[in-house]
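# Structural description and commentary
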Amino acid sequence: MTRLLHRTIGQPYPIAASAKGFIIRDHDGNAYIDASGGAAVSCLGHGHPDVVAAMHRQIDTLDYAHTGFFSSQVAEDLADHLVAHAPPGMSHVYLVSGGSEAVETALKLARQYFIEIGQPQRRHFIARRQSYHGNTLGALAVGGNAWRREPFSPLLIPTHHVSPCYEYRDRRADETAEEYGARLAQELSDRIDELGPDNVIAFIAETVVGATAGAVPPVPGYFRHVRDICSRHGILLILDEVMSGMGRTGTLHACAQDGVTPDLMTIAKGLGGGFAPIGGVLVAEKVFDAFAKGSKTFQHGHTYLAHPLSCAAALAVQQVIQRDRLLDNVVSMGAHLKKRLSERFGNHHHVGDIRGRGLFMGIEFVADRSTKEPFDPARKINIRVKQEAMARGVLIYPMGGTIDGRRGDHVLLAPPFTVDATTIDTIVERLGDAVDAAIAA
Ligand SMILES: Cc1ncc(COP(=O)(O)O)c(C=O)c1O
């Protein structure tokens, strides 16, 4: 009997025994191709020797020193690296242990920024429906997934949600992608006017929506409008790139492809590639300056801020990505993955949309392709696809509630940046069989 409180009680989980490269093996000797890196985490696959060696060196030298007493060289080096490659205007980074902590930090940085600059009346966050920003209470409050929020709703800080940028379902037939993006921007602008522009702290959005919507990229121009609106009203733009950032979409930061720079940007999963827990918030110089010229103290902190082992892992991961020019591979293998998915699923009766950027792809399933009617949620198609794929030795990341938190099914693919064409072909072939088996069952 297990003494772990698992995600689902009573469900048997195979014991992961070892992992190397693209493959995770369980205790019974089954091998799985890790085609989603868990939840878009393992950007270098598993057991990368350079990362493992850097972590060994670190643990042999300095395991832990509390950030209230010391900084560490490895945290300083990681910060230098991250800021040197950050979007223009970002000058500092705050290092935490994961994505939710990064989002909580960004929310508090944003609120305190306005206290520092003498605008303490600002108190509203605006976010988007169907977004995911984490499971701690602040992150859950800004998150827009109705199902995840519902049980905890009495505990959540009030937030305001506008429409997601979800072209497949929400762009009208009589508008172009650009017009659709402009319409959404107008909705944001109207909401800001309703709340009073001087009362709003920030707008937070995932650059490419990951877990809860299935790799949904913004339409062209959308984030430029959003950036303009925020700047015009002195509202901060927080981009959550916990899942879509750090190279996953083919550029180090997903927002580079949208031509915008946020004021705060959260990063996590691909930062440390799963070798150790780490997340961070990249901070624009103007935000940092407000603190530096103001109270000089960010009223926040955790025991494991900038943990040396996590920093060593993240620095090694980022150096390998740069040294081996892996973002070039993300672009070329991303194109191959898209092509193979289109060949296999482009005319599939039950695939409504194939979308994403780089090695970050989502497939949305439908009961009826012409009407876009989703499957009955009771059929749990996304879970079945996961199970059928696992039975065929492939790991993909499933989610239901794609449309409104309840209806809709999708799966995410996020293979390592080192993936090759043969492995992609195997993933797509096995996934194809898994989808057919799941839907036929
Ligand atoms: C965009 C985004 N933000 C925040 C989080 C929360 O990160 P974590 O699970 O590391 O707390 C996630 C996790 O999936 C995410 O995708």
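The structure this text deals with has already been given above.
Thresholds, definitions, all that
- Residues numbered from 1 in each chain as written.
- Predicted model: local features only at pLDDT ≥ 70, side-chain atom pairs only at ≥ 80, totals over all residues.
- Heavy atoms only, no water.
- Helix = DSSP H or I, 4+ residues; strand = E, 2+ residues; numbered from the N terminus.
- Rg over C-alpha atoms; globule rule 2.2 N^0.38 Å.
- Buried < 20%, exposed > 50% of the residue type's maximum accessible area, 1.4 Å probe, protein only.
- Contact = heavy atoms within 4.5 Å.
- Pairing = 2+ DSSP bridges.
- Core = buried A, V, L, I, M, F, W, Y, C linked by side-chain atoms within 4.5 Å.
- Right-handed = clockwise from strand over helix to strand, strands pointing away.
- Near = heavy atom within 4 Å.
- Polar contact = N/O pair within 3.5 Å; in protein donor to acceptor, adjacent residues only side chain to side chain.
- Areas by Shrake-Rupley, 256 points an atom, 1.4 Å probe, with all protein chains shown as cover.
- Nonpolar A, V, L, I, M, F, W, Y, C, P; charged D, E, K, R; others polar.
- Salt bridge = Lys/Arg side-chain N within 4 Å of Asp/Glu carboxyl O.
- Axes fitted to C-alpha atoms, helices over the stretch in contact; angles between N-to-C directions.
- Parallel < 35°, antiparallel > 145°, perpendicular 65-115°, else oblique.
- Left-handed = near helix turned anticlockwise from the far one by under 90°.

Next up on the list: the overall build of the chain. Within the chain, the secondary structure is distributed over 15 helices and 15 strands. Taking 2.2 N^0.38 as the reference for a compact globule, 441 residues should give roughly 22 Å; the C-alpha atoms of the chain span a radius of gyration of 21 Å, in line with that estimate. With respect to the principal axes defined by its C-alpha atoms, the chain has extents near 60 × 60 × 45 Å. Here the chain holds 441 residues, and the buried ones make up 55% of them. A separation of at least 24 residues holds for 72% of the contacts in the chain among residues at least 6 apart in sequence.

Now for the pairing of strand S12 (residues 360-365). Where burial is concerned, most of S12 is hidden: six out of the six residues are buried. As paired strands, strand S11 (residues 351-357) and S12 are joined by six bridges and run antiparallel to one another. Bridge pairing links Val-351 to Phe-365 in S12. Counted between consecutive antiparallel strands, the loop separating S11 from S12 contains two residues, among which Gly-358 sits at a positive phi close to 60°.

Glancing now at the nonpolar core. If you look at the biggest cluster of nonpolar residues, it comprises 124 residues, and the most contacted ones within it are Phe-203 and Leu-264. A total of nine residues in this core trace back to one element, the largest contributor, which is helix H12 (residues 308-323). Apart from the residues within four sequence positions on either side, Leu-264 is in contact with Met-90, Ala-106, Leu-109, Ala-110, Leu-236, Leu-237, Ile-238, Leu-239, Val-281, Leu-282, Val-283 and Val-287. Core analysis: the second largest hydrophobic core is formed by 11 residues, Ala-39, Val-208, Phe-360 and Leu-412 among them.

A few words now on the pairing of strand S7 (residues 200-206). The buried fraction of S7 is high, at seven of seven residues. One ladder, built from five bridges, connects S7 with strand S8 (residues 236-241); its direction is parallel. Residue pairing across strands places Ala-205 opposite Leu-239, the latter belonging to S8. Since S7 and S8 lie parallel, the crossover through helix H9 (residues 222-233) that links them has a hand, and here it is right-handed.

A few words on the site of the ligand. Every residue lining the ligand is accounted for by Gly-98, Gly-99, Ser-100, Tyr-132, His-133, Gly-134, Glu-206, Asp-240, Val-242, Met-243 and Lys-269. At 2.8 Å from an oxygen atom of the ligand is found a main-chain nitrogen or oxygen belonging to Gly-99. Within the side chain of Lys-269, a nitrogen or oxygen atom sits 2.8 Å from an oxygen atom of the ligand. Starting from 390 Å² of accessible surface for the ligand in isolation, the protein chains cover 81%. Considering only residue class, the shell around the ligand consists of three nonpolar, five polar and three charged.

This part is about the pattern of salt bridges. According to the stated counting rule, one finds 20 salt bridges in the structure shown. Measuring nitrogen to oxygen at the nearest pair gives 2.8 Å for the salt bridge that ties Glu-167 to Arg-171. Salt-bridge contacts for Asp-263 lead to Arg-227; the nearest nitrogen and oxygen are separated by 3.0 Å. You can see Asp-263 sitting in the loop between S8 and strand S9 (264-267) and its partner Arg-227 sitting in helix H9, a full 36 residues away along the chain. Judged by its relative accessible area of 12%, Arg-227 is buried. Each of Arg-169, Asp-353, Arg-355 and Glu-364 takes part in a single network of salt bridges with overlapping partners.

Here the focus is the packing of helix H14 (residues 381-391) against helix H15 (residues 421-440). In the contact formed by H14 and H15, the axes pass within 8 Å of each other and the chain directions differ by 130°. Compared by their axis directions, H14 and H15 come out oblique. Remark: the crossing between H14 and H15 carries right-handed chirality. Facing H14, whose interface residues are Ile-381, Arg-384, Val-385, Glu-388 and Ala-389, H15 presents Leu-431, Ala-434, Val-435, Ala-437, Ala-438 and Ile-439. Taken together, the residues of the contact of H14 with H15 break down into nine nonpolar, no polar and two charged.

Keep in mind these values describe shape, not function.
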